[in-house]
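Per-entry structural report
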Amino acid sequence: MMTIKYDSNGLVPAIIQDATTKNVLMLGYMNEEAYQKTIDTKQVTFFSRSKQRLWTKGEESGNFLSLVDIKNDCDNDSLLIQVNPAGPTCHTGTDTCWKEENTSNYGFFSTLEDVIKERVANKDTKKSYVASLFSKGINKVAQKVGEEAVETVIEAMDNNDELFLYESADLMFHYLMLLQAKGFTLKDIEKELKGRHK
């Protein structure tokens, strides 16, 4: 049994995080009974401070938070609850209580995807390498990925790690362009790989 330090009102803050995207969805409060009900039913249940009663998230909206994991912080006085949400989490209808979309983020790769998208949309072929390559058609984009793949393989068989990383970065950048040229993103690749994972 997890040790939890409840406050003077018998409550502990519960941070709700999407188990897949890792985005923070909301903050709620649990008392011991809400915690136990969450464990028993596998549906996140809070103690409503305004209604002074237990409420299971989704009991009215149908947007339940299915329990994946619960972790306690280093002081045992706050919980991190990972969930699979069934629809928007916020009562206002947004994905999160911070009005953010609950989408996967791949760090700097997501930034690069946005930059590529913006440069393709602007079509400034004189100032943008991306726009220039896209203007030549998908065959040229695909050809460039092939060239970068060969260069990466060649450097992999050499002993120069710096050149290997340089060519690997070129390959990844051009691959992100090819994905967009075909109408896809890293999210589509993630979905495909997840489907194969056993």
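Residues numbered from 1 in each chain as written. Predicted model: local features only at pLDDT ≥ 70, side-chain atom pairs only at ≥ 80, totals over all residues. Heavy atoms only, no water.

Two elements in contact, helix α4 (residues 138–156) and helix α5 (residues 161–181), have axes whose closest approach is 8 Å; the angle formed by their N-to-C orientations is 155°. Regarding the angle of α4 to α5, the classification is roughly antiparallel. By crossing handedness, the relation of α4 to α5 is classed as left-handed. Two secondary-structure elements touch here, α4 through Ile-138, Val-141, Ala-142, Lys-144, Val-145, Glu-148, Ala-149, Glu-151, Thr-152, Glu-155 and Ala-156 and α5 through Leu-163, Phe-164, Glu-167, Ser-168, Asp-170, Leu-171, His-174, Tyr-175, Met-177, Leu-178 and Ala-181. (Axes fitted to C-alpha atoms, helices over the stretch in contact; angles between N-to-C directions. Helix = DSSP H or I, 4+ residues; strand = E, 2+ residues; numbered from the N terminus. Parallel < 35°, antiparallel > 145°, perpendicular 65-115°, else oblique. Left-handed = near helix turned anticlockwise from the far one by under 90°. Contact = heavy atoms within 4.5 Å.)

Below, the discussion takes up the nonpolar core. Counting 17 residues, the largest nonpolar core has Ile-16, Met-30, Val-44, Phe-46, Leu-65, Leu-79 and Ile-81 as its most contacted members. Residue assignment for this core shows that the elements contributing at least two residues are β1 (12–18), β2 (24–30), α1 (32–41), β5 (65–72) and β6 (79–85). Beyond its immediate stretch of four places on either side in the chain, Ile-81 contacts Ala-14, Ile-15, Ile-16, Gln-17, Met-30, Val-44, Leu-67, Asp-69 and Ile-70. Core analysis: the second largest hydrophobic core is formed by 12 residues, Leu-133, Val-145, Leu-176 and Leu-186 among them. (Core = buried A, V, L, I, M, F, W, Y, C linked by side-chain atoms within 4.5 Å. Buried < 20%, exposed > 50% of the residue type's maximum accessible area, 1.4 Å probe, protein only.)

The next subject is the pattern of salt bridges. Scanning the entire structure with this criterion turns up six salt bridges. Between Asp-69 and Lys-71 there is a salt bridge, and its shortest N-O distance comes to 3.8 Å. Classification of Lys-71 by relative accessible area gives partly exposed; the value is 41%. Among the ionic contacts, a cluster of salt bridges with common partners joins Lys-144, Glu-147 and Glu-148. (Salt bridge = Lys/Arg side-chain N within 4 Å of Asp/Glu carboxyl O.)

With that settled, consider the packing of aromatic side chains. According to the stated counting rule, one finds one aromatic pair in the structure shown. Residues Phe-46 and Trp-55 carry aromatic rings whose centres are separated by 5.2 Å and whose planes lie at 35° to one another, so their mutual orientation is tilted. (Phe/Tyr/Trp six-rings, centres within 6.5 Å; stacked < 30°, edge-to-face > 60°.)

Shape descriptors only; they carry no functional weight alone.
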